[in-house]
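Each chain, written out:
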Amino acid sequence: MLSDAQEKRLAELLPKLREVRHDIHQHPEIGFAEERTQALVRTWLKDHGYAPRDSAKTGLIADLGEGARTIALRADMDCLPMQEETPLPYKSVHAGLAHKCGHDGHTTILMGVAAMLPTLGLKGRVRLLFQPSEENINGSGGKAMVEEGALDGVDEVYGLHNWPAYDKGEVRVCAGPIMAQVHSYSITITGVGGHGSQPQLCRDPIVAGAHLVTALQTVVSRGLGYEGGAVLSVGSFHAGKASNVIPGAAELTGTIRSFQPAVTERVLERLHEVCAGVASTFGVTVVPEVVPGFPVLVNDASCAETVHRVAERVVGKGKHSEEDLPMAGGEDFAYMAATVPGAYFFLGAKKPGESTPVCHHPDFDFDDDLIETGVRMMLGIVADRLA
Ligand SMILES: [Zn+2]
Ligand SMILES: [Zn+2]
C-alpha cells in the first residue's frame, strides 16, 4: 500500500504519464529501431536519478537500490508494421507503423514505476528492463537481452501485457505454462506443371495442396487425445497464376502453438507423416520446413502467487483469476522466465458493453486507465518481494 505522500506523488504523475504514452504512440518504432523511444526513456530515467545503460541495441537497463535480492521488471517498446487508421489526436506520424499491441502503454507503465520507486525506500535492488523488439519482426529483443546478461544477479523477473479480451479491472495470471511455444512452418509441394487441358500429363500441386490443407486439420483433432493442447493453422497457400495452366509448385505456410514438449513432438511427427502420405498419394514431392520460434512461457508457481497476492490488494478480491489461461499467443518474455523464476500477467482492458478492439486489431489503442493499474501492480510486486 502506498503512503499518503506516495499517493499524492502518483496522482501528480499520472497526467504526465498519459502525455508520455501519447508521445510514444505518435512516434512508433519497429523492433531494434526504437531509437527515439530509447532516447525518451533514457532522458526520463536520468531525470529521475538513474544511470541507465544500453542493452540489445535499442533497449535500456537501469538499477535502483542495493541489497541481497534483485527483482527485475520488464516492458516491451516496439510497434507493429501496421498503418494507423484510427482517428486519434496522437495518431502515428510514421507511415506503415503503429502501436497496435500496447507496448507504448507498457513502456509508460515502467517509466511511471521508475519515477515512483525512489519514494519506496527499497531494501534490495530493482532492475528495470526496457526491451526492444518483442514482435519478432527483426528477431527477439528478449532473447538478445538475456544473452547480454540482463538477468545476471536477478532473483525474479515480472512482465505484463494489456489484454482487451479480458474485462477491464481484472488481472489474470496462472502458474506453469501461460503462453505457447510457437513454430512456424512452410511446405513446398513440387509436381509437374503443364496445360490445364491435359491433367493426365501433369502432377497437380494444387489438388495435392488442397488435400494437404484438409489432412493437416487432423494433426491435432486425430493426433492428440481429448486434452488436446495444440493449435495448427494454415496461414497462406500460393500456387499458379493463369486459369489454363497447371502450375509446377505450390507453397503453404502456417503456425503451430503448443504448451508441452511431448505434445509439440507429437504434432511435428504427425505433420511430417501427413506430408509424406499426401506426397505418395498424389505423386508429388512435399517438403516441410519447420522453424522454431519463442519457447513456452512458463510462470514460476511462487511468482504467480505473488501476482495474485498483489492483485488482491490492487484490483480487489474476485478480480484476479486464471480464467482462459494458458492462451495460445507467443511472447518472448519466455526467454526471461526460462532464465530466472518469473511471472507474466495480463491486465484486462475490455470495456463493459463494448467490443473493445483486441491487440493487433487496426483500431486497437492502449487504454490509458491501465497505466495506473500497471504502476500499482509493479510497485506492489517490488514491495512484496523486497519487504
Ligand atoms: Zn503483439
Ligand atoms: Zn504485445
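**Things to note about the overall build of the chain**
Here's step 1: Helix and strand content of the chain: 9 helices and 16 strands.
Here's step 2: With the C-alpha coordinates of the chain rotated into their principal frame, the extents come out at 85 × 45 × 45 Å.
Here's step 3: A sequence separation of at least 24 residues applies to 80% of the contacts in the chain between residues at least 6 apart.
Here's step 4: Accessible area for the chain stands at about 16,300 Å²; split by element, carbon and sulfur atoms hold 53% of it.
Here's step 5: Across the chain, the centroid of the 34 positively charged side chains sits 2 Å from that of the 49 negatively charged ones.

**Examining the coordination of the zinc ion (ligand 2)**
Tetrahedral metal sites with four donors have an ideal angle of 109.5 degrees; octahedral sites with six donors have ideal angles of 90 or 180 degrees.
Here's step 1: Within the first shell, the zinc ion (ligand 2) binds the protein through Cys101 (SG), His103 (NE2) and His161 (NE2), at distances of 2.1 to 2.3 Å.
Here's step 2: Linear spacing of the donor residues for the zinc ion (ligand 2) on their chain is C-x1-H-x57-H.
Here's step 3: Between the zinc ion (ligand 2) and the zinc ion (ligand 1) the interatomic distance comes to 3.2 Å, and Cys101 is a ligand of both metals. Of the two residues, His103 is situated in helix 3 (residues 103-116) and His161 in strand 5 (residues 156-167); the sequence distance between them amounts to 58 residues.

**Quick look at the environment of Ala33**
Here's step 1: Relative to the assigned elements, Ala33 resides in the loop between helix 1 (4-26) and helix 2 (35-47).
Here's step 2: Ala33 gets classed as partly exposed once you look at its relative accessible area, which sits at 31%.
Here's step 3: Ala33 sits 250 residues away from Gly283 along the chain, and the two C-alpha atoms are 47 Å apart.

**Some remarks on unusual backbone geometry**
Here's step 1: Of the consecutive residues Leu325 and Pro326, the connecting peptide bond is found in the cis state with omega at -5 degrees.
Here's step 2: Mapped onto the elements of the fold, Pro326 is located in the loop between strand 15 (320-321) and helix 8 (333-337).
Here's step 3: Although it is not a glycine, Ala56 adopts a positive phi angle of roughly 50 degrees.
Here's step 4: The phi dihedral of Ser133 is positive, around 50 degrees, even though this residue is not glycine.
Here's step 5: Its relative accessible area of 1% is what places Ser133 among the buried residues.

**Here we look at the packing of aromatic side chains**
Here's step 1: One pass over the structure, following the stated rule, counts 5 aromatic pairs.
Here's step 2: Pairing Tyr344 with Phe346 gives two aromatic rings, centres 5.6 Å apart and planes at 90 degrees, and the pair type is edge-to-face.
Here's step 3: An aromatic cluster is defined as three or more aromatic residues linked by ring pairs; in this entry it consists of Trp163, Tyr166, Phe333, Tyr344 and Phe346.
Here's step 4: Residue placement shows Arg172 over the ring face of Tyr166; its charged tip is 4.0 Å from the ring centre.

**Quick word on helix 2**
Here's step 1: The terminal C-alpha atoms of helix 2, which comprises 13 residues, lie 18 Å apart, in line with the 18 Å expected from a rise of 1.5 Å per residue.
Here's step 2: Thr37, Gln38, Leu40, Val41, Trp44 and Leu45 are the residues of helix 2 that are buried. Down the axis of helix 2, the sector holding all buried residues measures 165 degrees, keeping them to one side. Facing away from the buried side of helix 2 by more than 90 degrees, the exposed set consists of Glu35, Lys46 and Asp47.
Here's step 3: One or two residues past the end of helix 2 sits Gly49, with phi positive at roughly 90 degrees.

**A few points about the sheet that holds strand 1 (residues 53-55)**
Here's step 1: If you walk across this open sheet you meet the 8 strands as 1-2-4-3-5-16-6-15, and the pairing is mixed. Strands with a single pairing partner mark the edges of an open sheet, and in this sheet they are strand 1 and strand 15.
Here's step 2: Bridge analysis of strand 3 (residues 70-76) against strand 4 (residues 125-131) gives 7 bridges, and the strand direction is parallel. Opposite Arg74, over in strand 4, you have Leu129 as the bridge partner.

**Regarding the nonpolar core**
Here's step 1: Core analysis: the biggest nonpolar cluster contains 58 residues, and Leu73, Val113, Leu128 and Phe345 have the highest contact counts within it.
Here's step 2: When residues no more than four places from it in sequence are discounted, the contact partners of Leu73 are Leu110, Val113, Val126, Arg127, Leu128, Leu129, Tyr158, Met378 and Val382.
Here's step 3: By size, the runner-up hydrophobic cluster in this structure holds 28 residues, among which are Val154, Leu297, Val340 and Phe346.

**Here's the deal with the coordination of the zinc ion (ligand 1)**
Here's step 1: Every protein donor of the zinc ion (ligand 1) is accounted for by Cys101 (SG), Glu135 (OE), Glu135 (OE) and His360 (NE2), and the metal-donor separations fall at 2.0 to 2.8 Å.
Here's step 2: Of note is the zinc ion (ligand 1), whose 4 donor atoms meet at the metal with angles of 51 to 149 degrees in an arrangement that counts as irregular.
Here's step 3: Donor residues for the zinc ion (ligand 1) sit on one chain with the sequence pattern C-x33-E-x224-H.

**So, the environment of Leu128**
Here's step 1: In this fold, Leu128 is placed in strand 4.
Here's step 2: As for Leu128 and Pro261, which are separated by 133 residues in sequence, their C-alpha atoms are 31 Å apart.
Here's step 3: For Leu128, the residues in contact, after removing those within four places along its chain, are Leu45, Tyr50, Leu60, Ile61, Ala62, Leu73, Leu110, Val113, Ala114 and Leu117.

**Considering the packing of helix 7 (residues 301-314) against helix 9 (residues 369-385)**
Here's step 1: Helix 9 packs onto helix 7 with a crossing angle of 125 degrees between their chain directions and a minimal axis gap of 9 Å. One finds that helix 7 runs oblique with respect to helix 9. The crossing of helix 7 and helix 9 is right-handed. Residue-level inspection shows Thr306, Val307, Arg309, Val310, Ala311, Arg313 and Val314 of helix 7 in contact with helix 9, the latter providing Thr373, Arg376, Met377, Gly380, Ile381, Asp384 and Arg385.

Calculation criteria
- Residues numbered from 1 in each chain as written.
- Chains lettered and ligands numbered in written order.
- Predicted model: local features only at pLDDT ≥ 70, side-chain atom pairs only at ≥ 80, totals over all residues.
- Heavy atoms only, no water.
- Helix = DSSP H or I, 4+ residues; strand = E, 2+ residues; numbered from the N terminus.
- Contact = heavy atoms within 4.5 Å.
- Areas by Shrake-Rupley, 256 points an atom, 1.4 Å probe, with all protein chains shown as cover.
- Lys, Arg positive; Asp, Glu negative; His and termini not counted.
- Charge placed at Lys NZ, Arg CZ, Asp CG, Glu CD.
- Donors = N, O, S within 2.8 Å, 3.2 Å for Na, K, Ca; no water.
- Buried < 20%, exposed > 50% of the residue type's maximum accessible area, 1.4 Å probe, protein only.
- Phe/Tyr/Trp six-rings, centres within 6.5 Å; stacked < 30°, edge-to-face > 60°.
- Lys NZ or Arg CZ within 6 Å of the ring centre and 35° of its normal.
- Expected span 1.5 Å × (residues − 1).
- Arc of directions from axis to C-beta.
- Pairing = 2+ DSSP bridges.
- Core = buried A, V, L, I, M, F, W, Y, C linked by side-chain atoms within 4.5 Å.
- Tetrahedral: all angles 85-135°; square planar, octahedral: opposite > 155°, others 65-115°.
- Axes fitted to C-alpha atoms, helices over the stretch in contact; angles between N-to-C directions.
- Parallel < 35°, antiparallel > 145°, perpendicular 65-115°, else oblique.
- Left-handed = near helix turned anticlockwise from the far one by under 90°.

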